[in-house]
Structure formats: C-alpha cells, structure tokens
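As a plain string of letters, each chain reads:
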Amino acid sequence: ATEAIKALFRKVGSDNVSAKKQESAARTIVRWEGVGTILFALKDWHLQSSEFARLAIGTLIQLTYYFNKVKRVLVRFGGINTILDAAKKHDTDLQVRSNVVGLLNNFSVTDDYEAREEVATEECIEVVLETMKSWPNNNYVQTAGCDYFYNISVVDGMKTKLRNNKNICSILGKIIDKFLDSSNDDVYQAAKNAFDIYGTK
C-alpha cells in the first residue's frame, strides 16, 4: 500500500513534476474515483504507518487544490474525521501534522459555506492551533495555519469565538512579531491578513 501511494504522490506532489502534469495526473485520479480509494486506504493504514499517512494526506492536498469536487467526496465519506484521527495518532510527526494543516486549509478555501463549516469545528481548530504551537518556526505550518484562520472567519460567530476562547489575536500578533524581519514574507503576510480580520469587531 505504501509503494502504491508513493507512486500516486510522485505524480501529483513531487517538486520534479510540472504543475501542468500534476493537474493532469490529479484529473486522472479523480476520474477513476481514486479519491475514495485513497481515503479508505488512509482509514485502514494510517495507524500502522506515519509514512503512509503523510503520503496519502499529501496526495489529497494536491487533489483538493485542483478540484473542489474532491472536497465534497471527502466530506461525504467521513474524510475529515479520518484526517483528524491521523493527526492525533501522529501528533509528534511534523510531516503528517503539517500535511493535515495544509489539507484543512485547502478545505477552508471554498465558496461552499457548508463545506467550510465542516473544517471549522472545535476539533479542527485545536489540531491547527496545536500544530502551530508545536512547530513555531516552520514556515509552511505557520502560513497554512494563518490562512486557515483567515478563511474560517466568515463562519457565523467564529471571530468572537476565537477572540474570546482561543486568544487568536495574541497568537497571530506573536507570529507577526516573530516573522516581521524574516526572509520569508509569506508567514508575516498570512498572519497580518488574519490579524486584520480578527482585530475588527
């Protein structure tokens, strides 16, 4: 199973493959109903192998990036719970946890309000916050996490909830300070965008 998912990931997630080829490979996987296969394999295998969890979730990141319909398929088949289970099982594995945050962020980028609500649950929020706190210097984790909070801010009551219960403004403010003079502007900009949203009544 690990070798099979490696082969899929190389087609859609490798830096050595052009974006055009990645999208074409992703389209083929979706057309042949490979999303459900990946998800069910993840349910069966994520407990046994962190490598499998990393590769499977990494592949899903690419598929959800290219096709919104993949998000609907994952929601329909309980994909969010499976992804959260993988995050809990591999809570000290940066590669798994960062991929989970990246995938939740992809889910939050949608015009489908109900789909966005699916990843704005307490459990999803906690996984993102925990990952950001555990790896404060990781550019990818911090950028994807800030983008996620920016995107879910439109959910009813979310701004008030995160300001009052999660101290989100303080968290984002510290990220802004930390990455203010960083060579990587992505984190700073993502944190500032989110801070501007939550700092507004």
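Below, the structure is looked at part by part.

Here is what the cut-offs are and how they apply
Residues numbered from 1 in each chain as written. Predicted model: local features only at pLDDT ≥ 70, side-chain atom pairs only at ≥ 80, totals over all residues. Heavy atoms only, no water. Helix = DSSP H or I, 4+ residues; strand = E, 2+ residues; numbered from the N terminus. Buried < 20%, exposed > 50% of the residue type's maximum accessible area, 1.4 Å probe, protein only. Expected span 1.5 Å × (residues − 1). Contact = heavy atoms within 4.5 Å. Phe/Tyr/Trp six-rings, centres within 6.5 Å; stacked < 30°, edge-to-face > 60°.

The topology assignment puts Gln-189 in helix α13 (residues 185-198). Taking relative accessible area as the criterion, Gln-189 reaches 33% and is therefore assigned partly exposed. Taking the C-alpha atoms as reference, Gln-189 lies 35 Å from Gly-34; in sequence the two are 155 residues apart.

Here the focus is helix α12 (residues 168-179). Between its terminal C-alpha atoms α12 stretches 17 Å, which fits the 16 Å expected from twelve residues at 1.5 Å a residue. Ile-168, Ile-171, Leu-172, Gly-173, Ile-175, Ile-176 and Phe-179 are the residues of α12 that are buried. For α12, the secondary structure elements touched by its buried residues are α9 (122-134), α10 (139-152), α11 (158-165) and α13.

With that settled, consider the packing of aromatic side chains. Remark: the centre distance and the inter-plane angle together describe each pair of aromatic rings, the angle taken between the planes. In total, this model carries three aromatic pairs according to the counting rule given. Centroid distance Tyr-65 to Tyr-66: 5.1 Å. Interplanar angle 80°. Geometry classified as edge-to-face. The class of Tyr-65 is exposed, set by a relative accessible area of 58%. Owing to a relative accessible area of 19%, Tyr-66 belongs among the buried residues under this scheme. When the ring of Tyr-148 is compared with that of Phe-149, the centres are 5.1 Å apart and the planes differ by 70°; the resulting orientation is edge-to-face. According to the relative accessible area criterion, Tyr-148 is buried, its value standing at 0%.

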